[in-house]
Amino acid sequence: MKKKEKHSVELWRPKQRPAVKYEPWQNLTLMRLEADTRTQLASKKHRLEHSLSVASMAEHLAIIYDVDPFLARAAGYLHDWDKVVPTQELIRRAQRFGIDLGVPLESVEPLLHGMVAARELPERYPHLPSEVWHAIACHTSAAEDMSPLDMVLFVADGIEPLRRASEGIQQTRDLVGRVSLEDLFWNAFVGGLVYVLEGGRYLYPRAIDIYNSLALDRSKTKSLGERRA
Ligand SMILES: [Fe+2]
Ligand SMILES: [Fe+2]
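## Observations regarding the overall build of the chain
Logical step 1: Counting its regular elements, the chain contains ten helices and zero strands.
Logical step 2: Seen in sequence order, the chain has helices and strands lined up from the N terminus as α-α-α-α-α-α-α-α-α-α.
Logical step 3: Here the chain holds 229 residues, and 32% of them are scored as buried.
Logical step 4: In the chain, 60% of the contacts between residues at least 6 apart in sequence involve partners at least 24 apart.

Now the structure itself:
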């Protein structure tokens, strides 16, 4: 019998677990979200572990970058909620919600689970604010109007400790706390594009528009900073 290959991959962990004190209602909400996530993703053990890990990582980044850690943790739990939905069913749901990405939905199916979940879950969790749903909707594709919470979830999804390190992922991990959230997100976003291009994968056409829009914003902010200096 063929021996199972062992991965000699070192798991990266945040240096220290940040301490955060929540209100009792927030603790209750987070406990419920974790329990619901465990039930929803029970059939996909790795996805469940990833989601729990993203929740912790998002909370960690939120504390470092002065973003609401409660919302970050909540978004982390729920971000991959629809990863258990079969492909054709996910596409049907996306069509039903009128999600139009300008290309056949089959070609961008990996991006849809966040967008669909962001439309389905507000009914189930009406007490969570719209910021959470926006972060979940754009955690796969990014967007021109990334809020700090959106950036926290996007980066947490990409660098959570259970994700096997590539050079790009390690680079982003090494920047945590050493650069601004905008720069950290930019590093993760561009790293994701490079991963798609180098792997010869399909590039979602709007990714180029998003890249150009963010790049222009960054160059404006930079030149403003230079003028002020
Ligand atoms: Fe996802
Ligand atoms: Fe994820």
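This is not the end of the story, as more comes after the structure.
## Here we look at the packing of helix H2 (residues 45–64) against helix H7 (residues 148–159)
Logical step 1: At a minimum axis distance of 8 Å, the contact between H2 and H7 shows a crossing angle of 130°. Comparing the axis directions of H2 and H7 gives the class oblique. Where H2 crosses over H7, the two elements pack in a sense that is right-handed. Between H2, through Val54, Met57, Ala58, Leu61 and Ala62, and H7, the contact on the second element is made entirely by Val152, Leu153, Val155, Ala156, Asp157 and Ile159.

## Some words on the environment of valine 179
Logical step 1: Looking at the element boundaries, valine 179 is found in the loop between helix H8 (167–175) and helix H9 (181–198).
Logical step 2: The spatial distance from the C-alpha of valine 179 to the C-alpha of tyrosine 65 is 9.9 Å, given a sequence separation of 114 residues.

## Considering the packing of H8 against H9
Logical step 1: At a closest axis distance of 9 Å, the pairing of H8 and H9 adopts a crossing angle of 180°. With respect to their mutual orientation, H8 and H9 come out roughly antiparallel. Between H8 and H9, the residues in contact are Gly168, Ile169, Gln171, Thr172 and Leu175 and Leu184, Asn187, Ala188, Gly191, Val194 and Tyr195, respectively.
Logical step 2: Considered class by class, the residues forming the contact of H8 with H9 number six nonpolar, five polar and no charged.

## Some details on the environment of threonine 87
Logical step 1: The topology assignment puts threonine 87 in helix H4 (residues 87–96).
Logical step 2: The spatial distance from the C-alpha of threonine 87 to the C-alpha of glutamate 109 is 7.2 Å, given a sequence separation of 22 residues.

## A closer look at H9
Logical step 1: Over its 18 residues, H9 extends 25 Å from the first C-alpha to the last, a length consistent with the 26 Å expected when each residue adds 1.5 Å.
Logical step 2: Within the sequence span of H9, burial applies to Leu184, Phe185, Trp186, Asn187, Ala188, Phe189 and Gly192.
Logical step 3: Glycine 200, located one to two residues past H9, shows a positive phi value of around 65°.

## A short note on the nonpolar core
Logical step 1: If you look at the biggest cluster of nonpolar residues, it comprises 49 residues, and the most contacted ones within it are Ala58, Ala72, Ala75, Val152 and Val155.
Logical step 2: Listing elements by their share of this core, those giving two or more residues are H2, helix H3 (69–78), H4, helix H5 (109–124), helix H6 (130–137), H7 and H9.
Logical step 3: Sorting elements by how many residues they give to this core places H7 first, with eight residues.
Logical step 4: Residues within four places of alanine 58 in sequence aside, it is in contact with Ala72, Arg73, Ala75, Gly76, Val152, Leu153 and Ala156.

## Comments concerning unusual backbone geometry
Logical step 1: A positive phi angle, close to 60°, is found at aspartate 66, a residue other than glycine.
Logical step 2: One can find aspartate 66 in the loop between H2 and H3.
Logical step 3: Looking at aspartate 66, the number of C-beta atoms within 10 Å reads 9, which means it is exposed.
Logical step 4: With a phi close to 65°, alanine 142 is a non-glycine residue in the positive phi region.

## Some words on the confidence of the model for the chain
Logical step 1: Per-residue pLDDT for the chain has a mean of 91; in total, 89% of the residues score no lower than 70.
Logical step 2: Long-range and interchain partners of residues 1–10, a stretch whose pLDDT sits below 50, account for two contacts in this model, where long-range means more than four residues apart.

Conventions we followed
- Residues numbered from 1 in each chain as written.
- Chains lettered and ligands numbered in written order.
- Predicted model: local features only at pLDDT ≥ 70, side-chain atom pairs only at ≥ 80, totals over all residues.
- Helix = DSSP H or I, 4+ residues; strand = E, 2+ residues; numbered from the N terminus.
- Buried ≥ 20, exposed ≤ 12 C-beta atoms within 10 Å, placed from the backbone.
- Contact = placed C-beta atoms within 7 Å.
- Axes fitted to C-alpha atoms, helices over the stretch in contact; angles between N-to-C directions.
- Parallel < 35°, antiparallel > 145°, perpendicular 65-115°, else oblique.
- Left-handed = near helix turned anticlockwise from the far one by under 90°.
- Nonpolar A, V, L, I, M, F, W, Y, C, P; charged D, E, K, R; others polar.
- Expected span 1.5 Å × (residues − 1).
- Core = buried A, V, L, I, M, F, W, Y, C linked by C-beta atoms within 7 Å.
- pLDDT = per-residue confidence, 0-100.

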